[in-house]
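Observations on the model geometry
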Amino acid sequence: MIFYIPFNLLLSIEYNNIKSKIFIFYNKMEGVFIMGVRKPEDTRSFALCAHGGAGKTSLAEAILFNNGNITRMGNVQNGNTVSDFQSEEQKRNISISTSLITLERKGKTFYLLDAPGYADFTGEMSAAIRVADTAVILVSSVGGIEVQTSKAWEYAEHHNAPVAFVISKMDRENADFEKVLADIKTQFSQNALPVFLPIGSADKFSGVIDVLNSDSPEAASAKEALIEAAVEMDDELMEKYLEGETIAQADIERTLKKAIASKRIMPVFALSSTANIGVKEFSDFVADYFPSPVDIGKIDAFDGDKKVEVEPKVDAPFSALCFKVMADAFVGKLSFIRVYSGTLSSEGSNIYNVNRGEDERISSFKLMMGKDGKDVKEVIAGDIVAIPKLQSAKVGDTLATKGGFSAKFPPIEFPKPVYSVAVIAKTRADEDKLGNAISRTLEEDCSLTFEKNAETRDNVLSGMGDMHIDIVLAKMKERYGVDLDTKTPQVPYRETIRKMSEAQGKHKKQSGGHGQYGDVYIRYRPLERGAGFEFIDSVVGGAVPRNFIPAVEKGLREYMLAGPLAGFPVVDFSAELYYGSYHDVDSSEMSFKLATRLSFKKGIMDANPVLLEPVMDVEVTVPERFMGDVMGDFNSRRGRIMGMEGHGKLQVVKAQCPLAEMFRYAIILRSMTSGEGSFSMEYSHYEEVPGDIAKKVIAAHKKEDEDEE
Ligand SMILES: Nc1nc2c(ncn2[C@@H]2O[C@H](COP(=O)(O)OP(=O)(O)OP(=O)(O)O)[C@@H](O)[C@H]2O)c(=O)[nH]1
Ligand SMILES: [Mg+2]
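As the structure is a computational prediction, the values presented were derived from the model and not from experiment.

Now for the packing of helix H8 (residues 249-261) against helix H9 (residues 279-289). Orientation of H8 relative to H9, taken along the N-to-C sense of each, is 90°, at an axis distance of 10 Å. It follows from the interaxial angle that H8 and H9 lie roughly perpendicular. Along its contact with H8, which presents Glu-253, Leu-256, Lys-257 and Ile-260, the element H9 presents Phe-285, Asp-288 and Tyr-289. Grouping the amino acids of the contact of H8 with H9 by side-chain chemistry returns four nonpolar, no polar and three charged.

Time to look at the pattern of salt bridges. Applying the stated rule across the entire model yields 45 salt bridges. Note that Lys-477 is salt-bridged to Asp-483, the shortest N-O span being 3.6 Å. Judged by relative accessible area, Lys-477 falls into the partly exposed class, the value being 47%. Arg-557 serves as the salt-bridge partner of Glu-553, at 3.1 Å between the closest nitrogen and oxygen. Of this pair, Glu-553 and Arg-557 both sit in helix H13 (residues 549-559), four residues apart, which is roughly one turn of that helix. A residue is classified by how much of its surface remains accessible, and Glu-553, at 26% relative accessible area, is partly exposed. Taking the relative accessible area as the measure of exposure, Arg-557 reaches 41% and is therefore partly exposed. Counted as one network, the salt bridges with shared partners bring together Lys-426, Lys-477, Asp-483 and Asp-485.

Take the site of ligand 1 next. Ligand 1 sits among 19 residues. The nearest are Lys-56, Ser-58, Gln-77, Ser-95 and Asp-171. Taking Ser-95, its side chain carries an N or O atom lying 2.7 Å from an oxygen atom of ligand 1. Between ligand 1 and the protein, one listed contact pairs an oxygen atom with a backbone N or O atom of Ser-273 at 2.9 Å. When ligand 1 sits alone it has 640 Å² of accessible area, and the protein chains cover 88% of it. Counted by class, the shell around ligand 1 contains four nonpolar, eleven polar and four charged residues.

Our focus in this paragraph is the nonpolar core. Formed by 127 residues in total, the largest nonpolar core has its most connected members in Phe-165 and Phe-282. The element best represented in this core is helix H6 (residues 217-231), accounting for seven residues. Per-domain counts for this core show at least three residues from each of domain 2 (44-220 + 264-296) and domain 3 (299-400). Once residues lying within four places of it in the same chain are set aside, the contact partners of Phe-282 are Phe-46, Leu-59, Ile-63, Val-136, Val-166, Phe-269, Leu-271 and Phe-290. Among the nonpolar cores identified, the runner-up in size contains 48 residues, and Leu-473, Leu-484, Leu-611 and Phe-626 belong to it.

Its location among the elements puts Gln-516 in strand S32 (residues 516-526). Taking relative accessible area as the criterion, Gln-516 reaches 30% and is therefore assigned partly exposed. Between the C-alpha atom of Gln-516 and that of Gly-342, which follows or precedes it by 174 residues, the distance is 76 Å. Those residues in contact with Gln-516 that sit more than four places away from it in its chain are His-507, Lys-508, Lys-509, Asp-586, Ser-591 and Leu-594. Within the structure, Gln-516 has its side chain in polar contact with the side chain of His-507 (distance 2.7 Å).

The rules behind each value
- All chains use their own residue numbering, which begins from 1 and follows the written sequence.
- Labels are handed out in written order, letters beginning with A for the chains and numbers beginning with 1 for the ligands.
- Where totals are concerned, whole chains, interfaces and linings use all residues; where local detail is concerned, this predicted model gives features only for residues with pLDDT of at least 70, and gives and counts side-chain atom pairs only at 80 or more.
- No hydrogens and no water enter the side-chain calculation; it runs on all heavy atoms of the structure.
- Whenever a helix is involved, its axis is fitted only over the stretch in contact; in every case the axis is a line through C-alpha atoms, and angles between N-to-C directions fall within 0 to 180 degrees.
- Secondary structure elements are taken from DSSP: a helix is a run of H or I of four residues or more, a strand is a run of E of two residues or more, and numbering for both begins at the N terminus.
- Orientation labels follow simple angle bins: below 35 degrees gives roughly parallel, above 145 gives roughly antiparallel, 65 to 115 gives roughly perpendicular, and whatever is left gives oblique.
- Contact criterion: two residues are considered in contact whenever any of their non-hydrogen atoms come within 4.5 Å of each other.
- Under the convention adopted here, Pro, Cys and the residues Ala, Val, Leu, Ile, Met, Phe, Trp and Tyr are nonpolar, Asp, Glu, Lys and Arg are charged, and Gly plus all remaining residues are polar.
- Salt bridge, as applied in this entry: a Lys or Arg side-chain nitrogen positioned within 4 Å of an Asp or Glu carboxyl oxygen.
- A 1.4 Å probe rolled over the protein chains alone gives each residue an accessible area, and that area as a share of the maximum for its type sets the label: buried under 20%, exposed over 50%, partly exposed in between.
- Only a single heavy atom is needed: when it lies within 4 Å of a molecule or strand, its residue is near that molecule or strand.
- Any pair of N or O atoms that falls within 3.5 Å is considered a polar contact. Within protein, one atom must be able to donate a hydrogen and the other to accept it, and sequence-neighbouring residues count only if both atoms are side-chain atoms.
- In this description, accessible areas are obtained by the Shrake-Rupley approach with a 1.4 Å probe, and a residue is regarded as covered only by the protein chains that are shown.
- Joining through side-chain atoms within 4.5 Å is the link that ties buried Ala, Val, Leu, Ile, Met, Phe, Trp, Tyr and Cys residues into a set, and such a set is a nonpolar core.
- Here the limits of each domain have been adopted from an automatic or database domain assignment.

Shown next, in the form of structure tokens:
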């Protein structure tokens, strides 16, 4: 049911005794508002995901053009697509964050999430798949399956999301539908079944065959495969089919939808977005057969340890998940949410952040079209919208109404950063603005971390790769006017000792009146790695008076922060105060502290001091042919191979490698594997730095100290 009405209106009506939500939609081409009856059954949300450059943004653009939402089809190269609206996206001709596009087609509301494909933005893709009802994985008919295609598949599997495959760029030279389809079947799933077949390819690509509605011999076997898989969804139908009876079209359509929702069928499409062939057919298929939130059914939330099933019902308590936060130049902060249950009107409403316990007033919901939003006053289960000016919501937070839904959805998982730089403000003014710029940037980007390293004092910005960091720095400059220099972060080296030593420290000063006197004997012993520091007091007979002993311990704890070898913190040792002497008048806490310092310096230097460096656990995933290169490279960077595992055509190499050798690994691995490798790493333990390298580090550090003085 569609009405045309001349102004923005929203009501609830009773229609055929069903209380339904009215939804107003602005259709740019027709310049009118279209009003329809809304229910979750009519919602189609899907995430376009793929390797970088497979054509996601171009497909989104073509869908909008065919649907009449835009009158001219933009182009990624010209930087005028709806989806790639950020200046960094337009400058680089790539997507860097997920765009949300809302449209109406065949009475259905589409929420299209256009995720970026480059490895540096994998987290965006993962979040998009998490909140969309279907993952649409694009595979270029020329490039075939690539690293991030497999990542998209992995995420879809992880979230148990229904999958569709789009074999894109069918107009390109060397387009090979059959080969790509065969690869999808062998590498991902035999359930990948074409629903549209290409007619011709490259410059002869002229259209697509609708497999289900075709009687042509070319489509016969594909049709057979589709019907066979669809009827499996219904035992009675299956029996009929096996007995050779003809299956009614309506039955096929009904079961096809079920088969897609349950992943028994993963529909495969052939299309070209730039030539606009096969795109309309794709959109119509989405409207007709893609699962709605109701087809997806219940999802899990957790109330403490208790599992709570959330059903996509409009009359259930309102619940939603915040999956993206964006700073908008005009509106300010926009929080993107996926509604999982209930209904919420923006009029006079508050939204309650279950994770943070904060209740906030809201003014509107926005149906997004790239950077633009149209106000809508009510949202229902299945909707994906943005809320302006919500202060508390962070990515992964569960939103509800106070006293209503109280469980939490599982957090959204983001990959851990693997590439770090130390940032330095260019001027004092930049430094003043840094804190605010960083905290706003972190809010938007969950693959980014920022930390002041207590040991090296570096401000370390970590992300997924050099491109990611470059973009973050460019954005901070553009938005917040903060200019930052970068350098390789310092390795947080530490010092320790390898043998026992004993050292006296005696501080004595006789100057006119009151003198200073402190005298300590301390025994230093190595402790096992990770033990930290231990102070032992074994003074007998008051050689050091009780009241001065805390000053000795305090002194040690202070001096150990900058060791005598190269100024790094000293760890994994014990210091035993076993003897000393004092002066009735001249001894003080300060004198004993200074005496301790003398003992510490000498004692550590006598105990065979060495440098320790952090060693990382590294996991590298590469196609088999790069295994040799990756392992050889680890040898050259002091790494140790810990193991290998095969995952299909990919190999996982596990290694331990000093952090000092890993700062540029994101860049090195990319060039070594033409972008086909990925890796993750986390801190494992501290280990001794080999002598020759330690010498260099110590010399460099001494020089630095001299320069500073
Ligand atoms: N010939 C041809 N080129 C296409 C087609 N689709 C996209 N392209 C081109 O391929 C390049 C990448 O397209 P995008 O739409 O930006 O790809 P994407 O998957 O969104 O890329 P990222 O978001 O950066 O991962 C652009 O130059 C497009 O013009 C197509 O169907 N045919
Ligand atoms: Mg894109």
